Amino acid sequence: MTRDDLLPTLLTVCRDVLDDDEIVFDAQTPFEAIEEWDSLNHIHMVVNMEKIFDVRFEAAELQNLIIVQDLLDCIARLKGL
Amino acid sequence: MPFLSLHFLLFAALLCLAYWRCSKASAQNFLLLGGSLYVLAVWSLQALVVVVVSTLAEWLIARAIDCRKVRNGEWSERLRRQGSLATTHGRSIIPARIATPFGKVLRLTLGRHRTFTPEQRALLFLSLGLNLGQFFLFRHLHFLVPELKHALGLAPASAAWLNFAIPVGISFWTLQKMTLTLDVWLGRTSAERSFPKTLTFVAFFPNLVSGPIERGRHFLPQLASLRRWDSRRFSEGIWLIAIGIFQKIVIADNVADCADALLQPGASSLSVLLGLWAYALQIYADFAGYSDMARGVARLFGIDLFQNFDAPYLASNLSDFWKRWHASLTSWLNDYIFNPLSMAWRDWGTTSILLATFATFLASGLWHGTGWTYMVWASVHAIGLSILVLTKDRRKTWKKRWGKTRWYDPAMTILTFHWVCLGYLFFRAPSLQEAFGHMASLVHGDWFRLPSFDPHVMILCALPIFALQYQIKKSRSPFWIFEKSVTFRTVFYILLGVAILRLYSPAEKFIYFQF
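Model, not experiment: these values are computed from the prediction.

Side note on the overall build of chain B
Step number 1: Of the regular secondary structure elements, chain B holds 20 helices and 0 strands.
Step number 2: Per-residue burial over chain B gives 53% buried out of 515 residues.
Step number 3: Taking all contacts inside chain B whose residues are at least 6 apart in sequence as the whole, residues at least 24 apart take part in 78%.
Step number 4: Within the structure as shown, chain B displays about 23600 Å² of accessible surface, and the carbon and sulfur contribution to it stands at 65%.

A few points about the overall build of chain A
Step number 1: When you go through chain A residue by residue, the secondary structure sums to 4 helices and 0 strands.
Step number 2: Seen in sequence order, chain A has helices and strands lined up from the N terminus as α-α-α-α.
Step number 3: In terms of overall dimensions, chain A has a C-alpha envelope of 30 × 25 × 20 Å along the principal axes.
Step number 4: Sorting the 81 residues of chain A into buried and exposed places 51% on the buried side.
Step number 5: Here chain A has roughly 4000 Å² of accessible surface; of this, 48% comes from carbon and sulfur atoms.
Step number 6: Between the averaged position of the 6 positive side-chain charges in chain A and that of its 18 negative side-chain charges there is a distance of 9 Å.

Topic: the packing of aromatic side chains
Residue and element names in this part refer to chain B.
Step number 1: For the structure on display, the rule yields 42 aromatic pairs over all chains.
Step number 2: Here the aromatic rings of Phe135 and Phe136 are separated by 6.0 Å at their centres, their planes lie at 85°, and the arrangement is edge-to-face.
Step number 3: Judged by relative accessible area, which is 9%, Phe135 ranks as buried.
Step number 4: Judged by its relative accessible area of 33%, Phe136 falls in the partly exposed class.
Step number 5: Pairing Tyr313 with Phe466 gives two aromatic rings, centres 6.3 Å apart and planes at 35°, and the pair type is tilted. Here Phe466 lies in helix H19 (residues 455-475) and Tyr313 lies in the loop between helix H11 (269-300) and helix H12 (318-324), a separation of 153 residues in the sequence.
Step number 6: When the ring centre of Phe482 is taken as reference, the NZ or CZ atom of Arg232 above it lies at 4.7 Å.
Step number 7: Sitting over the face of the ring of Phe488, Lys484 holds its NZ or CZ atom 5.6 Å from the ring centroid.

Some points on the nonpolar core
Step number 1: In terms of nonpolar packing, the biggest core is built from 170 residues, with Phe57(A), Phe301(B), Tyr313(B), Trp325(B) and Tyr424(B) touching the most fellow members.
Step number 2: In terms of residue count, the dominant contributor to this core is H11(B) (19 residues).
Step number 3: The contact partners of Phe301(B), leaving out residues within four places of it in the chain, are Ala12(B), Leu15(B), Cys16(B), Tyr19(B), Trp20(B), Leu32(B), Phe205(B) and Arg227(B).

Topic: the interface of chain A and chain B
Step number 1: Tallying the contact residues gives 26 residues for chain A and 29 residues for chain B.
Step number 2: Roughly 2400 Å² of surface becomes buried between chain A and chain B when both sides are summed, with 48% attributable to carbon and sulfur atoms.
Step number 3: The largest contributions to the chain A side of the interface with chain B come from Leu40(A), Ile43(A) and Glu58(A), which together make up 25% of the buried area.
Step number 4: Counting across the interface, chain A meets chain B through 2 salt bridges.
Step number 5: Linking chain A with chain B are 6 residue pairs in polar contact (both at pLDDT 80 or more).
Step number 6: Breaking the side of chain A that touches chain B down by element, the ones donating at least two residues are helix H1 (3-18), helix H2 (39-53), helix H3 (59-62) and helix H4 (68-79) of chain A.
Step number 7: If you tally residues by element for the side of chain A that touches chain B, the top one is H2(A), at 9 residues.
Step number 8: Each residue belonging to the side of chain A that touches chain B can be placed in one class, and the counts come to 10 nonpolar, 6 polar and 10 charged.

Looking at the state of the cysteines
All names here are of chain A.
Step number 1: The final tally for this structure, using the stated rule, is 0 disulfides over all chains.
Step number 2: Free cysteine Cys14: the closest other cysteine sulfur is in Cys74, separated by 16 Å.
Step number 3: A relative accessible area of 0% places Cys14 in the buried class.

As for the side chain of Gln222(B)
Step number 1: The residue Gln222(B) is located in the loop between helix H9 (216-219) and helix H10 (231-262) in this model.
Step number 2: Not counting the four nearest positions on each side in its chain, Gln222(B) is found in contact with Arg227(B), Gly302(B), Ile303(B) and Asp304(B).

What about helix H20 (residues 486-503) of chain B?
Residue and element names in this part refer to chain B.
Step number 1: Relative to the 26 Å expected for 18 residues at 1.5 Å per residue, H20 spans 26 Å between its end C-alpha atoms, a close match to the ideal helical length.
Step number 2: Considered for burial, the residues of H20 that qualify are Leu496, Ala499 and Ile500. Angularly, the buried residues of H20 cover 95° about the axis, an arc narrow enough to put them on a single face. Counted as exposed and oriented over 90 degrees from the buried face of H20: Val486, Thr487, Ile494, Leu501 and Arg502.
Step number 3: Here the buried face of H20 lies against H10.

Structural notes on the confidence of the model for chain B
All names here are of chain B.
Step number 1: When the pLDDT values of chain B are averaged, the result is 83; 86% of them are 70 or greater.
Step number 2: When pLDDT is averaged over each element of chain B, helix H8 (residues 195-203) comes out on top at 95 and helix H4 (residues 101-110) at the bottom at 52.
Step number 3: Every residue in residues 74-100 is under pLDDT 50, and counting partners more than four places away or in other chains gives 35 contacts.

So, the packing of helix H5 (residues 118-139) of chain B against helix H14 (residues 350-368) of chain B
When two helices pack together, their arrangement is captured by the angle between the axes and the distance separating the axes.
Residues and elements named next belong to chain B.
Step number 1: One way to put it is that H5 packs onto H14 with a least axis distance of 10 Å and a crossing angle of 50°. The angle between H5 and H14 falls in the class oblique. Within the contact between the two elements, H5 uses Phe135, Phe136 and Arg139 and H14 uses Leu366, Trp367 and His368.
Step number 2: Residues belonging to the contact of H5 with H14 are distributed by class as follows: 4 nonpolar, 1 polar and 1 charged.

Conventions and cut-offs
- Residues numbered from 1 in each chain as written.
- Chains lettered and ligands numbered in written order.
- Predicted model: local features only at pLDDT ≥ 70, side-chain atom pairs only at ≥ 80, totals over all residues.
- Heavy atoms only, no water.
- Helix = DSSP H or I, 4+ residues; strand = E, 2+ residues; numbered from the N terminus.
- Buried < 20%, exposed > 50% of the residue type's maximum accessible area, 1.4 Å probe, protein only.
- Contact = heavy atoms within 4.5 Å.
- Areas by Shrake-Rupley, 256 points an atom, 1.4 Å probe, with all protein chains shown as cover.
- Lys, Arg positive; Asp, Glu negative; His and termini not counted.
- Charge placed at Lys NZ, Arg CZ, Asp CG, Glu CD.
- Phe/Tyr/Trp six-rings, centres within 6.5 Å; stacked < 30°, edge-to-face > 60°.
- Lys NZ or Arg CZ within 6 Å of the ring centre and 35° of its normal.
- Core = buried A, V, L, I, M, F, W, Y, C linked by side-chain atoms within 4.5 Å.
- Buried area = accessible area lost by both parts, 1.4 Å probe.
- Salt bridge = Lys/Arg side-chain N within 4 Å of Asp/Glu carboxyl O.
- Polar contact = N/O pair within 3.5 Å; in protein donor to acceptor, adjacent residues only side chain to side chain.
- Nonpolar A, V, L, I, M, F, W, Y, C, P; charged D, E, K, R; others polar.
- Disulfide = S-S within 2.5 Å.
- Expected span 1.5 Å × (residues − 1).
- Arc of directions from axis to C-beta.
- pLDDT = per-residue confidence, 0-100.
- Axes fitted to C-alpha atoms, helices over the stretch in contact; angles between N-to-C directions.
- Parallel < 35°, antiparallel > 145°, perpendicular 65-115°, else oblique.

Here is the structure:
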């Protein structure tokens, strides 16, 4: 998996977990704008991302995310990309 | 000093005049602090002392943790050599012996990139102990002592010593104050260097009594520079105050009579149902009205506060409801309880979410007050959210099958609203016995027997509340009025003014003042 693959894969995970095929976002989208990403779905997202990207998040790494790019950077760092 | 009093009106007007004549941020901050302490002193001198002393303690602890964090760079190597601290690179710095769930939560929350000393941990526990101790002392002791005596079969001796006054708004500003240390600990912000600014944050008079519950990292940066006059922001403040007064005086105070008449012991099914609808309108208009006024008053001084309500009765499910109802409390509980717990337990799958949900609502119930009714109310919501989690896959199928139909979304909204009303049955009742009595009436009561009440009042209150919520949801902003034409705005302002003046009465207490 390359760094370029992260965003499309994340989008696929997001659409599957949040059950909305019409979700669209890019790296600059703030998480607040993804309405379905609420606290109940957050943990589903975390578990699914860990499975798909084969990484393990620490809570502290996810607490200050503002835009999608922050999450992509975090995943890239954990995967050593 | 309630918002709806001549005393407050004069105070706010004079403070505002002086505030906007200041040419330095420090002078503006001085006025905000002075005004806030004055309001606190008017409420009670005891509250003033408790707020100042406990904020000083919190500020010192947050500073101490922060200083030690800075010094960790120098300390870590020495401590590592002493074997008392495992440093970064993915290893835990919490000893394995406290691998309790709470310890695990702390360990996961600390992250892998920071180091913490035993002194820092002790300071965090000191902060938590002081805040929770203060909260339980003032909010729960008078309930727990008689309950314990009853449970242990002890004689109900005089409990006069428990009848001390509860400092105003303690539930709100305690949570607000806790974020000072927690956010430093979590690395979200550094400790505020100025004690006066910290005290202004905790004691800020618009949101002191009933929120919104602010965060230091949102509020404190607003005090950093001179606030410049902005007529648009000032108008928005006036609008929020006006709509808040309208909701409180015109809606909440009028529909309260309907709720009281309908929710009497022994009421019929229809009476309980209508009573719950009336109470839903009352509590929303009362609390959202106060929050709007608080945000409006803060805006007059160029300060932005958290938006607490966002059309909650139009929520599509219970999770959506909690994003829209008392959002400042929900996000606090999410950030400091639900998310850390669900992250810590995530390897347990769905169970982790269910446990974290119940723990969060248990905390919410305790926050709201003493008495078993609050715990049952919290359980109703925890059960509702658990059903959402457990039926996630099934709801996907429903949505695929019926989601495109015209009735699916309204049906979900109505279902959510009535689940919330079920919770109100316990939230409002003075005892579990009365709440269960109403519940029994709902199921097998005499359907059509109604007490004397005016149904027109309920209809006239429901229409503007739902119209306002619809407008807020549609335009995604509480300032939708500014998008309308001048004619519409003028007519709307006149109607609002007439309604307020016609129905004004010396204000009763706000429901959320008791918290």
